[in-house]
Amino acid sequence: MFVSRHRITLLSLALSVAAPVLAHAESWDIDSSHSRAQFAVRHLMISNVRGDLGKVTGTINWDAKNPAAAAVNATVDVAGVNTQDPKRDEHLRSPDFFDTAKYPTITFKSKRVEKAGGKLKLVGDLTLHGVTKEVALDVEGPTAEIKDPWGLIRAGANATGKISRKDFGLSWNKTLDTGGVAVGDEVAVTLDIELVRKPAGAAPAAPPKAGK
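Along each chain, the written sequence defines residue order, and numbers are assigned to residues from 1. With the structure being a predicted model, the display of local features is reserved for residues of pLDDT at least 70 and the display and counting of side-chain atom pairs for 80 or more, all residues being used for whole-chain, interface and lining totals. Note that the side-chain values use all heavy atoms of the structure and ignore hydrogens as well as water.

A short note on the overall build of the chain
A run of H or I in DSSP becomes a helix once it reaches four residues, and a run of E becomes a strand once it reaches two; helices and strands are each numbered from the N terminus. The secondary structure content of the chain amounts to two helices and 11 strands. Along the chain direction, N to C, the helices and strands of the chain fall in the order α-β-β-β-β-β-α-β-β-β-β-β-β. Relative accessibility decides the category of a residue: with a 1.4 Å probe and only protein chains considered, values under 20% of the type maximum give buried, values over 50% give exposed, and everything between is partly exposed. In the chain, which comprises 212 residues, the share counted as buried stands at 33%. The long-range fraction of contacts in the chain, counting pairs at least 24 apart against all pairs at least 6 apart in sequence, stands at 57%. Note on areas: these come from Shrake-Rupley sampling with a 1.4 Å probe, and a residue is covered only by the protein chains present in the view. When the accessible surface of the chain is totalled, it reaches about 12900 Å², and 56% of it is carbon and sulfur. Note on definitions: a residue-residue contact is assigned when non-hydrogen atoms from the two residues lie within 4.5 Å.

Take a look at the structure:
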């Protein structure tokens, strides 16, 4: 097929411009052993109950020169919810709250990234208890990359946000004799994430287990 020299020149120019962009887009795995998804909710109107939601897994595509193109997909195994109280944890796994027999995971899929001052705001769809709502998370990071003792490239990030549990159908409560309710509606969520960069053109190396 005949292709003009002018067309070839334009094609070459387009590829040379696109190549650096593609070269900087990197894929990362969430290191579950060194990542946590935590929550805090008001109890009896006087204190906060805090706990871990469960094991975090997922992937992140990140280009430091183009944060708006970031893509985040994360899953939390909420069946592993842990507040250091077995009876309370059993109640949280019941149909009154997470109903983990029917909805064993929480998922987050990003839609866009916005700059907010010196930080980033990550907006995406959170699916919890079978309900999907758009939520926004304030992000610090990612940190500078480092090489660990096993030769893996790592980085970290922290994300925080607040959701209404009633928006996701978690409406169980008890009214107090003195007024107010046993469990607050607003839930503060904190994600501490450690990332492992996938080697280019190869399957990602398995990160070391916790404590290593």
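Some points on the pattern of salt bridges
Between Lys or Arg on one side and Asp or Glu on the other, a salt bridge is scored when a side-chain nitrogen of the former is within 4 Å of a carboxyl oxygen of the latter. Across all of its chains, the model carries 14 salt bridges by this definition. For Arg154, the salt bridge is made with Asp148, and the minimal N-O distance between the two is 2.6 Å. The class for Arg154 is buried, based on a relative accessible area of 5%. Each of Lys111, Arg112, Glu114, Asp125 and Glu134 takes part in one network of salt bridges that share partners.

Section: the packing of aromatic side chains
Only rings of Phe, Tyr and Trp enter the pairing, Trp through its six-membered ring, and a pair is recorded when the two centres are within 6.5 Å. The plane angle decides the type: under 30 degrees is stacked, over 60 is edge-to-face, the rest tilted. If you walk through the whole model with that rule in mind, you get one aromatic pair. For the ring pair Phe97 and Trp172, a centre distance of 5.4 Å and an interplane angle of 55 degrees mean the geometry is tilted. Within this pair, whereas Phe97 is found in the loop between helix 2 (86-93) and strand 6 (105-116), its partner Trp172 is found in the loop between strand 10 (153-164) and strand 11 (183-197), the two being separated by 75 residues in sequence.

Topic: the nonpolar core
Among buried residues, the Ala, Val, Leu, Ile, Met, Phe, Trp, Tyr and Cys ones that are joined through side-chain atoms within 4.5 Å form a nonpolar core. Of all hydrophobic cores here, the largest spans 42 residues; its most connected members are Leu53, Phe98 and Ile106. With six residues, strand 11 is the largest single contributor of residues to this core. Each residue touching Ile106, except ones within four places of it in the same chain, is listed here: Leu53, Ala74, Thr75, Val76, Val78, Phe98, Leu126, Thr127 and Leu128.

Considerations on the pairing of strand 2 (residues 36-43)
As judged from the seven bridges shared by strand 2 and strand 11, these two strands associate in the antiparallel manner. Looking at strand 11, one finds that Arg36 is bridged to Asp192. Direction of pairing for strand 2 relative to strand 3 (residues 47-52): antiparallel, over a ladder of six bridges. Of the residues in strand 3, the one forming a bridge with His43 is Ser47. Each pair of strands is called paired provided DSSP finds at least two bridges between the two strands. The loop that links strand 2 with its antiparallel partner strand 3 comprises three residues; one of these, Leu44, has a positive phi angle of about 55 degrees.

Details of the confidence of the model for the chain
pLDDT is a per-residue confidence score from the predictor, ranging from 0 to 100. Looking at the chain as a whole, its pLDDT mean stands at 86, while 83% of the residues score no less than 70. Overall, residues 1-23 carries pLDDT values under 50, and its contacts beyond four positions in sequence, including any with other chains, amount to two contacts. Predicted confidence is poor over residues 202-208, with pLDDT under 50, and the contacts of this stretch with residues over four places away or in other chains come to 15 contacts.

A look at a nonpolar patch on the surface
Here a patch means residues that are over 30% exposed by relative accessible area and free of salt bridges, tied together within 9 Å if like-charged and within 5 Å if nonpolar (Val, Leu, Ile, Met, Phe, Trp, Tyr). Together, Leu44, Met45 and Ile46 make up a nonpolar patch on the protein surface, roughly 300 Å² of accessible area in all. Within the fold, Ile46 resides in the loop between strand 2 and strand 3.

Structural notes on the side chain of Ser164
As for its placement among the helices and strands, Ser164 is situated in strand 10. Note on Ser164: relative accessible area 17%, which makes it buried. A polar side-chain atom of Ser164 sits 2.8 Å from a polar atom in the side chain of Asp185. Counted as a polar contact is a pair of N or O atoms within 3.5 Å, where, for protein atoms, one must be capable of donating a hydrogen and the other of accepting one, and residues adjacent in sequence contribute only when both atoms are in side chains.

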